[in-house]
Amino acid sequence: MTIIFAHRGYSVKYPENTMLAFQEAAKEGADGIELDVQLSKDGEVVVIHDEKVNRTTNGKGYVKDLTLEELRKLDAGHLMKSITKKQPIPSLREVLEWMTTNEIICNIELKNNVLPYEGMEEKVIQMVREYHLSKRIIISSFNHYSIVKSYRIAPEIEIAPLLGNAVYMPWVYAQSIRAKGIHPKYTAYRSDILQSTLENGIEVRPYTVNKEKDMEKLFEKGSSAIITDDPVLALKVKHKSSLGK
Ligand code: G3P
Ligand code: CA
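Model, not experiment: these values are computed from the prediction. (Residues numbered from 1 in each chain as written. Chains lettered and ligands numbered in written order. Predicted model: local features only at pLDDT ≥ 70, side-chain atom pairs only at ≥ 80, totals over all residues. Heavy atoms only, no water.)

**Focus: the nonpolar core**
Okay, step 1: Ranked by internal contacts, the top residues of the largest apolar core, which has 71 residues, are I33, L35, I108 and I137.
Okay, step 2: I3, F5, I138 and L162 belong to the second-largest nonpolar core, a separate cluster that totals 8 residues. (Core = buried A, V, L, I, M, F, W, Y, C linked by side-chain atoms within 4.5 Å. Buried < 20%, exposed > 50% of the residue type's maximum accessible area, 1.4 Å probe, protein only.)

Here is the structure:
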């Protein structure tokens, strides 16, 4: 069965990477959420996609130059006019705390492929263990050295490489780094390669799948998951395709 991850939360409707977007995704019935983490000036793990706060908040500057307190003052919801209440940048701790109240799965993407963020893996793992959430977390990154490091520290937590380009025989690569799954960019992979990956026992969770036609195809092919900005549309398509079988 294909499960549905809400990319940056229910981000087609709510401000990306905010508690509101995660909570609404869970409310609508998504199986999982995907989120991005960076490190603040005072070493806190915070949930935001870019290295800078400029695009998604009303602030300016690098996340690494702002303390958690300073980051919390910003509004990550200001671009969505329909959202009138201030939406703070969540800390990873806040998300994990919330996860103890539900069953949601969480794909934590370590955004350490631009800035190195010394010690990020240890901080994330320590927190995941503290909340006993190892079985409901998948750590992914474009920085594959970082996910291998994560696996070495915490083999109980699943890792998955983000693959932006078509790697040759991705299942062989995944096995070589002890990843049980891959997160391929959907448009970069031919469907027969994704099929062979599944047949070789490696889970496939393509991103970012927002078109109905693409969703349909992936549900039909038995993709392990899809990562989408629109979990509500995905649920509708999934329901329809299961009715059709
Ligand atoms: O997890 C897949 C996807 O989130 C990777 O790209 O830029 O949306 O973080 P991006
Ligand atoms: Ca991401």
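**Details of empty space enclosed by the protein**
Okay, step 1: Throughout the structure, instances matching the rule amount to 2 cavities of 30 Å³ or more.
Okay, step 2: Forming the walls of the largest cavity are Y186, S191, L194, Q195, L198, V204, K217, L218, K221 and S223.
Okay, step 3: Where the lining of the largest cavity is concerned, the elements lending two or more residues are helix 7 (191–199) and helix 8 (212–221).
Okay, step 4: Grouping the amino acids of the lining of the largest cavity by side-chain chemistry returns 5 nonpolar, 3 polar and 2 charged.
Okay, step 5: Of the voids in this model, the second largest cavity is the one considered here, and its volume is about 40 Å³. (1 Å grid on protein atoms, 1.4 Å probe; cavity = no way out; pocket = protein on both sides within 12 Å on 5 of 7 lines; lining within 4 Å. Points joined across faces, edges and corners; volume = space filled by probe spheres on them. Helix = DSSP H or I, 4+ residues; strand = E, 2+ residues; numbered from the N terminus. Nonpolar A, V, L, I, M, F, W, Y, C, P; charged D, E, K, R; others polar.)

**Digging into the environment of S40**
Okay, step 1: Among the secondary structure elements, S40 is positioned in the loop between strand 2 (32–39) and strand 3 (45–47).
Okay, step 2: On the basis of relative accessibility, which here comes to 5%, the residue S40 falls in the buried class.
Okay, step 3: The spatial distance from the C-alpha of S40 to the C-alpha of E51 is 9.9 Å, given a sequence separation of 11 residues.
Okay, step 4: Dropping the residues within four chain positions of it, S40 is found in contact with V46, V63, K64, L66, T67, L68 and L71.
Okay, step 5: In this structure the side chain of S40 is engaged in a polar contact, spanning 2.6 Å, whose partner is the side chain of D42. (Contact = heavy atoms within 4.5 Å. Polar contact = N/O pair within 3.5 Å; in protein donor to acceptor, adjacent residues only side chain to side chain.)

**Observations concerning the coordination of the calcium ion (ligand 2)**
Each angle at a metal carrying four tetrahedral donors should ideally be 109.5 degrees, and each at a metal carrying six octahedral donors should ideally be 90 or 180 degrees.
Okay, step 1: Within the protein, E34 (OE), D36 (OD) and E109 (OE) serve as the donor atoms for the calcium ion (ligand 2), at 2.1 to 2.2 Å.
Okay, step 2: The sequence motif formed by the donor residues of the calcium ion (ligand 2) is E-x1-D-x72-E. Highlighted residues: E34 in strand 2 and E109 in strand 4 (residues 105–110), separated in sequence by 75 residues.
Okay, step 3: The buried category is assigned to E109, whose relative accessible area is 4%. (Donors = N, O, S within 2.8 Å, 3.2 Å for Na, K, Ca; no water.)

**Examining the packing of aromatic side chains**
Okay, step 1: Enumeration according to the criterion identifies 2 aromatic pairs in this entry.
Okay, step 2: Consider the rings of Y10 and Y14, whose centres lie 5.5 Å apart with planes at 65°: the pair is edge-to-face.
Okay, step 3: Judged by relative accessible area, which is 7%, Y10 ranks as buried.
Okay, step 4: The exposure class assigned to Y14 is buried, which follows from its relative accessible area of 14%.
Okay, step 5: Between the aromatic rings of F142 and Y207, the centroid separation amounts to 6.3 Å while the plane-to-plane angle is 80°, which identifies the pairing as edge-to-face. (Phe/Tyr/Trp six-rings, centres within 6.5 Å; stacked < 30°, edge-to-face > 60°.)

Scope: geometric values only; no functional claims are made or implied.
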